[in-house]
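# Reading the structure
Below, each chain spelled out in residue letters.
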Amino acid sequence: MSNSVVTLGPFSFDLTGGALRREGVDLRLGQRAVALLQALIAADHQPVTKSALLDAAWPGQIVEEGNLTVQIAALRKTLGTRPDGQDWIVTVPRVGYRLLREEATNPPAESRLPVLAVLPFANLGGDPEQDYFADGVVEDIITALSRFKSFAVIARNSSFTYKGQSVDVRQVGHDLGVRYVLEGSIRRAGDRLRISAQLVECENGQHIWAEHFDGKIGDVFDFQDRITESVATVVEPHIQKAELERSRRERPGSIAAYDLYLRSLPRLAMETPQDNAVATDLLTEALVLEPDNPIFLALASYAISQRNIVAYSTVRPDDRQKCAELARRGLELAAGDATVIAHCSMGLLHTGKDYDLAMAAIVSAVEANPNDLLVVSRAGIAHLHCGNIADSLAFFHRAIRLSPRDPETHISLTGIAHCQMVLGDYPEALVWSARSLPMRPNFQCTYWMLIAANAQLGRMDEAQKFLGQFRKLAPGVTIASIWAGQPQMDPSRCAAILVGLRLAGLPE
């Protein structure tokens, strides 16, 4: 091999020509990515500062640091993870990035993250020809689930050692060191296929989630994609919920950072001033223990953004700067975690007002994990304010289709109502906001749509009714405070709402 070609595990990279190959297959890299990889390799295992990388990829130009973050995230996605589970490009806090050139000689320390094994699906029909389909479904599910960073997934080679065996999930948990098992079965009857899947907690054998999927054998590949998408979408929140319950059982009085993080999640979901304040305190405490934890940084940014979006009484003068700092730091350390990137994009969008970086981040998040409901719904929000309304509607509808019973569906329903307000279809905005209200009666944004759409239609009695309910929920809120918490790149995206609120009598 030429001296200009270096190897990174299964990859080879031509330093002169900039060609990256994986086991002989060409991988397409952009000009910036090539320059960054060349600079990281040239450093010979040493960290490279962010300024040096910016100079390498954007010579003679002045660009935002967020551009580097997005390029590094894309490069990490192309390279994937090393055999030891780490990224090839690691963040060196407060310095820059470093390329890991050699394999780890010691196994990684036990992860605190929950670990999942996806077992081979049983072929109940007895037709050996259906084994390929069942195995293909499982392989695709493993690939899709591996994109989530809130849990780890055992590799196929380990979980497939149980193929054809009747297993006890408790034993599987012990053998593989996993906390959860996803198992299932496939049955063919004529031209119909049924796939069943269930998520089980290994410690006690408890069934956390189960579902079945029906389709035609002629639509085999579409059917397989639908199963993969559905399972990947549903499993992650159920694991998170189970981990929260585990934390509550095992706490007591613990001040571990991960425990603080888990305790903040239901508080953020409540979307009230009191719960937001508690969540902010918990995340602040967690960041004292782990100041470089990307998910803590992202959620702390999101908590600040949440109180600004709906103008809680806890809004502070330094929120914009603090929110942006936390979000940028979270992006820097995200290591391709789509959820972290999406949370950070919302902080930058609503409170930080850094629209270019927010949009670049959400695009990167969707590419990293298109099956993450949180990512998809936040992409809808980003496009609603700074992108294309048609794209926004597509993301919101996809989020609802993926999991109509998800606790966060109200965000997408109200998001669709907001899109309809922008388009001037006020009756349709009422339809979607009316669907959203029962799902989260204290979600203030839904009331904006109900008040404004009714007022725009001249239905002042209905507008006044919802205004009265809203003012009990959010006393002291004004049109100015609502506008301050919204992205302001394109004022027309909120104009119809503000006009409607004004018509209904909300104070300036």
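Residues numbered from 1 in each chain as written. Predicted model: local features only at pLDDT ≥ 70, side-chain atom pairs only at ≥ 80, totals over all residues. Heavy atoms only, no water.

### Focus on the packing of aromatic side chains
The full count for this structure, using the stated rule, is three aromatic pairs. Between Tyr-261 and Phe-296, the aromatic rings sit 5.8 Å apart at their centres with planes inclined by 35°, giving tilted as the arrangement. Highlighted residues: Tyr-261 in helix H8 (residues 257-270) and Phe-296 in helix H10 (residues 294-309), separated in sequence by 35 residues. For the ring pair Tyr-447 and Phe-470, a centre distance of 6.4 Å and an interplane angle of 25° mean the geometry is stacked. Here Tyr-447 is found in helix H18 (residues 444-456), whereas its partner Phe-470 is found in helix H19 (residues 460-473), with 23 residues between them in sequence. The residue whose ring lies beneath Lys-465 is Phe-466, and the NZ or CZ to ring-centre distance is 4.6 Å. (Phe/Tyr/Trp six-rings, centres within 6.5 Å; stacked < 30°, edge-to-face > 60°. Helix = DSSP H or I, 4+ residues; strand = E, 2+ residues; numbered from the N terminus. Lys NZ or Arg CZ within 6 Å of the ring centre and 35° of its normal.)

### Describing the environment of Cys-419
The topology assignment puts Cys-419 in helix H16 (residues 409-423). Assessed through its relative accessible area of 0%, Cys-419 is described here as buried. Distance in space between the C-alpha atoms of Cys-419 and Ser-392 is 7.6 Å, their sequence separation being 27 residues. For Cys-419, the residues in contact, after removing those within four places along its chain, are Leu-384, Ile-389, Ser-392, Leu-393 and Phe-396. (Buried < 20%, exposed > 50% of the residue type's maximum accessible area, 1.4 Å probe, protein only. Contact = heavy atoms within 4.5 Å.)

### A short note on H10
Under the 1.5 Å per step criterion, the end-to-end length of H10 is 22 Å for 16 residues, consistent within 8% with the ideal 22 Å. Between the side-chain oxygen of the N-cap and the backbone nitrogen of Ile-295 there are 3.1 Å, and the N-cap of H10 in question is Asn-293. Of the residues one or two after H10, Ala-311 is the one with positive phi, at around 55°. (Expected span 1.5 Å × (residues − 1). Polar contact = N/O pair within 3.5 Å; in protein donor to acceptor, adjacent residues only side chain to side chain.)

### Observations concerning the pairing of strand E2 (residues 11-14)
Judged from the four bridges that link them, strand E1 (residues 5-8) and E2 form a sheet pairing that is antiparallel. What sits directly across from Leu-8, in E2, is Phe-11. Between E1 and E2, which pair antiparallel and follow one another directly, the connecting turn spans two residues, one of which, Gly-9, has a positive phi of 55°. Here three bridges tie E2 to strand E3 (residues 20-22), and the two strands are oriented antiparallel to one another. Bridge pairing in E3 links Phe-13 to Leu-20. Where E2 folds back onto E3 in an antiparallel hairpin, the turn is made up of five residues, including Gly-18, whose phi is positive at roughly 80°. (Pairing = 2+ DSSP bridges.)

### As for the sheet that holds strand E7 (residues 96-99)
Strand order in this open sheet of three strands is E5-E7-E6, and the pairing throughout is antiparallel. What marks the edges here is a single partner per strand, and that holds for strand E5 (48-49) and strand E6 (89-92). When E5 meets E7, the two strands line up antiparallel, connected through two bridges. Looking at the pairing, Val-48 lines up with Tyr-97 of E7. Each of E5, E6 and E7 touches helix H1 (residues 31-42); the most contacted strand, E7, lies at about 70° to it. (Axes fitted to C-alpha atoms, helices over the stretch in contact; angles between N-to-C directions.)

### Remarks on the packing of H18 against H19
How two helices pack is summed up by the angle between their axes together with the distance between the axes. Where H18 meets H19, the closest approach of the two axes is 8 Å, and the angle between their N-to-C directions is 155°. What the angle tells us is that H18 and H19 run roughly antiparallel. Helix-helix and strand crossings are classified by hand; for H18 and H19 the assignment is left-handed. Across the interface between the two elements, Gln-444, Tyr-447, Trp-448, Leu-450, Ile-451, Asn-454 and Ala-455 from H18 touch Met-460, Glu-462, Ala-463, Phe-466, Leu-467, Gln-469, Phe-470 and Leu-473 from H19. Taken together, the residues that form the contact of H18 with H19 break down as eleven nonpolar, three polar and one charged. (Parallel < 35°, antiparallel > 145°, perpendicular 65-115°, else oblique. Left-handed = near helix turned anticlockwise from the far one by under 90°. Nonpolar A, V, L, I, M, F, W, Y, C, P; charged D, E, K, R; others polar.)

### So, unusual backbone geometry
Even without glycine at this site, Ala-335 takes up a positive phi of about 55°. Its place among the elements puts Ala-335 in the loop between helix H11 (319-333) and helix H12 (338-351). Here Lys-353, not a glycine, exhibits a phi torsion of approximately 60°, which is positive.

### Here we look at the packing of helix H14 (residues 373-386) against H16
Running from N to C, H14 and H16 point in directions that differ by 15°, and their axes come no closer than 10 Å. One element, H14, and the other, H16, form an angle in the roughly parallel class. For H14 against H16, the interelement crossing comes out left-handed. The segment H14 lies against H16, with Ser-377, Arg-378, Ile-381, Leu-384 and His-385 engaging Ile-411, Ser-412, Gly-415, His-418, Cys-419 and Val-422. The residue inventory of the contact of H14 with H16, partitioned by class, reads five nonpolar, five polar and one charged.

### Some remarks on the confidence of the model for the protein chain
The predicted model of the protein chain has a mean per-residue pLDDT of 84, with 88% of residues at 70 or higher. Mean pLDDT across the elements of the protein chain bottoms out in helix H7 (residues 220-250) (67) and peaks in helix H21 (residues 492-504) (97). Counted against residues more than four places away or in other chains, residues 103-111, with its pLDDT under 50, gives seven contacts. When the criterion is pLDDT under 50, residues 250-254 qualifies, and its contacts beyond four places in sequence or with other chains add up to four contacts. (pLDDT = per-residue confidence, 0-100.)

### Notes on the sheet that holds E1
The four strands are arranged E1-E2-E3-E4 in an open sheet whose pairing can be described as antiparallel. Every interior strand has two partners, whereas the edge strands, E1 and strand E4 (25-27), have only one. Averaged over all pairs of adjacent strands, the angle between strand axes in this sheet comes to 30°, irrespective of strand direction. Here three bridges tie E3 to E4, and the two strands are oriented antiparallel to one another. In the sheet register, Arg-21 faces E4, and the bridge partner there is Asp-26.

### Focus: the pattern of salt bridges
Using the criterion set out here, one finds 14 salt bridges in the structure. A salt bridge links Arg-329 to Glu-332; the nearest nitrogen and oxygen atoms lie 3.0 Å apart. Separated by three residues within a single helix, Arg-329 and Glu-332 lie in helix H11, roughly one turn from each other. Residue Arg-329 shares its accessibility class with Glu-332, and that shared class is buried. Taken together, the shared-partner salt bridges in this structure form one network comprising Lys-50, Glu-65, Asp-292, Arg-329 and Glu-332. (Salt bridge = Lys/Arg side-chain N within 4 Å of Asp/Glu carboxyl O.)

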